[in-house]
Amino acid sequence: MEKPIGYYKSCIASALIMFLGKYLDEHDLGIVLGEAGTLRILADQIRVPDVAFLSWRHFRERVLPAEPVPAIAPDLAVDVISEGNTKREMARKLDDYFTAGVKMVWFIDAATQSAVVYERRGKGRVVSHDGSLSGGKVLPGFEVSLKQLFDKAGRRSRRKK
């Protein structure tokens, strides 16, 4: 079930896409998709990460598939946590991603301006608001601080009651 991520969550995803895009301009490793990048990651499972990186190894001669929902699992899947996301839902997403062959997952929490990085199933590393996301083996040399990311996304006013 797809849930809208809201405009602020979209700002965060867009800022991350900008940072990844700059990195990929210098390191021609693949493509980055946004929140409309629907992928069939398993035969019976479609996922729509808020941001996804797919290396060129997925594309023969670097030609993108014609179908609107290609059967590809990204190398990196990023989900910006929404208020409506449950722990059970996120655990299922994580399981689906790693079952499909995703190499790295970032769950970014807008409320705490932190993230959890997974390089394997069930083993997450918390990145606090003063830490950085790094690309590891998936995106060697890529790094963005969460402060940079949230500064680029813009400040958000407090929610009205």
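Every chain's residues receive numbers from 1 upward, in the order its sequence appears when written. It should be noted that, the model being predicted, local features are given only for residues of pLDDT at least 70 and side-chain atom pairs only at 80 or more, the latter also being counted only at that level, while totals for whole chains, interfaces and linings use all residues. Remark: hydrogens and water are excluded; side-chain values derive from all non-hydrogen atoms of the structure.

Participant: Describe the packing of aromatic side chains, and please don't skip the residues or the numbers.
Facilitator: For Phe, Tyr and Trp, rings pair up if their centres lie within 6.5 Å, where Trp contributes its six-membered ring, and each pair is then called stacked (planes under 30 degrees apart), edge-to-face (over 60) or tilted (otherwise). In this structure the tally under the stated criterion is 4 aromatic pairs. Taken together, a centroid distance of 6.2 Å and an interplanar angle of 20° make the contact between Trp106 and Phe142 stacked. One end of the pair, Trp106, is in strand E6 (residues 104–109); the other, Phe142, is in the loop between strand E9 (132–134) and strand E10 (143–145), with 36 residues separating them in the sequence. Take Trp106 and Phe142: they sit in the same class, and that class is buried. Taking the centre distance of 5.6 Å and the plane angle of 65° together, the rings of Phe107 and Tyr118 count as edge-to-face. Of this pair, Phe107 sits in strand E6 while Tyr118 sits in strand E7 (residues 114–118), placing them 11 residues apart in sequence. Residue Tyr118 is classed as buried on the basis of its relative accessible area of 14%. Grouping aromatic residues by their ring pairs yields a cluster made of Tyr23, Trp106 and Phe142. Strands are runs of DSSP state E lasting at least two residues, helices are runs of H or I lasting at least four, and both sets are numbered from the N terminus onward. Exposure categories follow from relative accessible area, calculated using a 1.4 Å probe and restricted to protein chains: below 20% of the type maximum is buried, above 50% is exposed, and the middle band is partly exposed.

Participant: Tell me about the sheet that holds strand E1 (residues 30–33), and name the residues and values.
Facilitator: Neighbouring strands of a sheet are bound in pairs by backbone hydrogen bonds; such pairs are parallel or else antiparallel. Here 6 strands make up an open sheet; going across it, the order is E1-E4-E5-E6-E7-E8 and the pairing mixed. A single partner strand is all that each edge strand has here, and the edge strands are E1 and strand E8 (124–127). Strand-to-strand twist of the sheet, defined as the mean angle between neighbouring strand axes without regard to direction, takes the value 15°. Here the rule is simple: two strands pair whenever DSSP picks up at least two bridges between them. Of the strand pairs in this sheet, E1 and strand E4 (residues 51–55) are connected by 4 bridges, and their pairing is antiparallel. Bridge pairing links Val32 to Phe53 in E4. With respect to the sheet, helix H1 (residues 6–26) is in contact with E1, E4, strand E5 (76–81) and E6, its orientation differing from that of E1 by roughly 170°. What counts as an axis is a line fitted to C-alpha atoms, over the stretch in contact for a helix, and the angles between N-to-C directions run from 0 to 180 degrees. Throughout, a residue-residue contact means that at least one pair of heavy atoms, one from each residue, lies within 4.5 Å.

Participant: An account of the pattern of salt bridges is needed here, citing residue identities and associated values.
Facilitator: A carboxyl oxygen of Asp or Glu within 4 Å of a side-chain nitrogen of Lys or Arg is what we treat as a salt bridge. Taken as a whole and assessed by the stated rule, the structure comprises 6 salt bridges. Residues Asp28 and Arg62 are paired through a salt bridge, measuring 2.5 Å at the closest nitrogen-oxygen approach. Of this pair, Asp28 sits in the loop between H1 and E1 while Arg62 sits in the loop between E4 and E5, and the two are 34 residues apart along the sequence. The class for Arg62 is partly exposed, based on a relative accessible area of 44%. Measuring nitrogen to oxygen at the nearest pair gives 3.5 Å for the salt bridge that ties Lys93 to Asp79. Placement of the pair is Lys93 in helix H2 (residues 87–100) and Asp79 in strand E5, with a sequence separation of 14 residues.

Participant: Outline the side chain of Gln45, listing residues and values.
Facilitator: Relative to the elements of secondary structure, Gln45 occurs in strand E3 (residues 45–47). We classify Gln45 as buried; its relative accessible area is 12%. Of note is the side chain of Gln45, whose polar atom sits 3.1 Å from the side chain of Arg92. Beyond its immediate stretch of four places on either side in the chain, Gln45 contacts Leu39, Arg40, Arg92 and Asp96. Under the rule applied, a polar contact is a pair of N or O atoms within 3.5 Å (in protein, one hydrogen donor and one hydrogen acceptor; residues adjacent in sequence only if both atoms are side-chain atoms).

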